[in-house]
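What follows is each chain in one-letter form.
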Amino acid sequence: MEGRVSSFQSLGTVDGPGVRYVIFLQGCPLRCKCCHNPETWDMHGGTVYSAQQLVERLERYRNYFGETGGVTLSGGEPLMQAAFAAELFGLCRERGIHTCLDTSGCVLNADVERLLDRTDLVLLDYKQTSEPLYHDFCGMHMAQADAFLDVLERKRIPTWLRQVIIPQINDSEENLERLHAVANAHCCVEKVELLPFRKLCETKYAAMGIPFPLADIPEYR
Ligand code: SF4
């Protein structure tokens, strides 16, 4: 099978455990206000690779993975190419490469289930903790993220919840309490990661000629 890739990061250390080869898949139906990768939105952009070509790339880096590293599929939204991602993770599993999926959880279908069955760790971007804010912030409903988390719980897939903390939007104690309540209600959640809001992506928006929605919000200190 073939899929669309936006870019690669060969020695990533922030998207999952250990040293990771991060593959940013092309295509995302959401429009998160803090999105760092607007160049991945276009479903028809990126470069086409076969799953076999990608796993051969991964093989070149496996000496760096050590005990805990491996591959992370990010994006974009990897679930938009779930059948392709499932084939890639299947090839990784055959080779003993740890598989990690960085996702918003916005899609649930048979291909996504098959992908999850080949996923060792999910980084679930749980974007907000109240429904009106969730939908306004990214375009998906909190109930979709909750349904996805319930599937992770049922399948017992180790999960890290991640949330970008943004001044004036979700840097309140109440938000953190709600986020930890979600984590505590699910045995699959191993960790909660809070990511400080940064604006390095502004140059990308400027180059694409689109306004950065959070231009007036300061970075998190
Ligand atoms: S899900 Fe990820 S790629 Fe898609 S808009 Fe949100 S932050 Fe950007």
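These remarks concern the structure in this document. (Residues numbered from 1 in each chain as written. Predicted model: local features only at pLDDT ≥ 70, side-chain atom pairs only at ≥ 80, totals over all residues. Heavy atoms only, no water.)

## Considerations on the pattern of salt bridges
This is how the line gets drawn: A carboxyl oxygen of Asp or Glu within 4 Å of a side-chain nitrogen of Lys or Arg is what we treat as a salt bridge. Numbered from the N terminus, helices here are DSSP runs of H or I no shorter than four residues, and strands are runs of E no shorter than two. For every residue, the accessible area obtained with a 1.4 Å probe (protein chains only) is divided by the maximum for its type, and the residue is called buried under 20%, exposed over 50%, and partly exposed between those limits.
Per the counting criterion, the structure on display carries 16 salt bridges. Between Glu 94 and Arg 95 there is a salt bridge, and its shortest N-O distance comes to 3.8 Å. The shortest N-O distance in the salt bridge between Asp 102 and Arg 162 comes to 3.5 Å. Taken together, the residues Asp 102 in strand S5 (residues 98-103) and Arg 162 in strand S7 (residues 159-165) connect sequence positions 60 residues apart. Across the pair, Arg 162 and Asp 102 agree in class, each one buried.

## Looking at the sheet that holds strand S4 (residues 70-74)
Basically, it comes down to this: Note: two strands are recorded as paired if DSSP finds a minimum of 2 bridges between them. Comment: axis = line fitted to C-alpha atoms, over the contacting stretch for helices; angle = value between 0 and 180 degrees taken between N-to-C directions. Contacts are assigned to residue pairs with any non-hydrogen atoms lying within 4.5 Å of each other.
With respect to topology, eight strands assemble into an open sheet ordered S3-S1-S2-S4-S5-S6-S7-S8, the strand pairing being mixed. Edge positions in the open sheet fall to strand S3 (47-50) and strand S8 (189-196), since each of these has one partner strand only. Ignoring strand direction, the axes of neighbouring strands in this sheet form an average angle of 30°. Examined bridge by bridge, S4 and S5 share four bridges and lie parallel to one another. Each residue of the ladder has a partner; that of Leu 73, found in S5, is Leu 101. Sheet strands touched by helix H1 (residues 51-65): strand S1 (2-12), strand S2 (20-25), S3 and S4. Its angle to S3, the strand with the most contacts, is close to 80°. Where helix H6 (residues 173-184) meets the sheet, its contacts fall on S7 and S8, and the angle it forms with S7 comes to roughly 170°.

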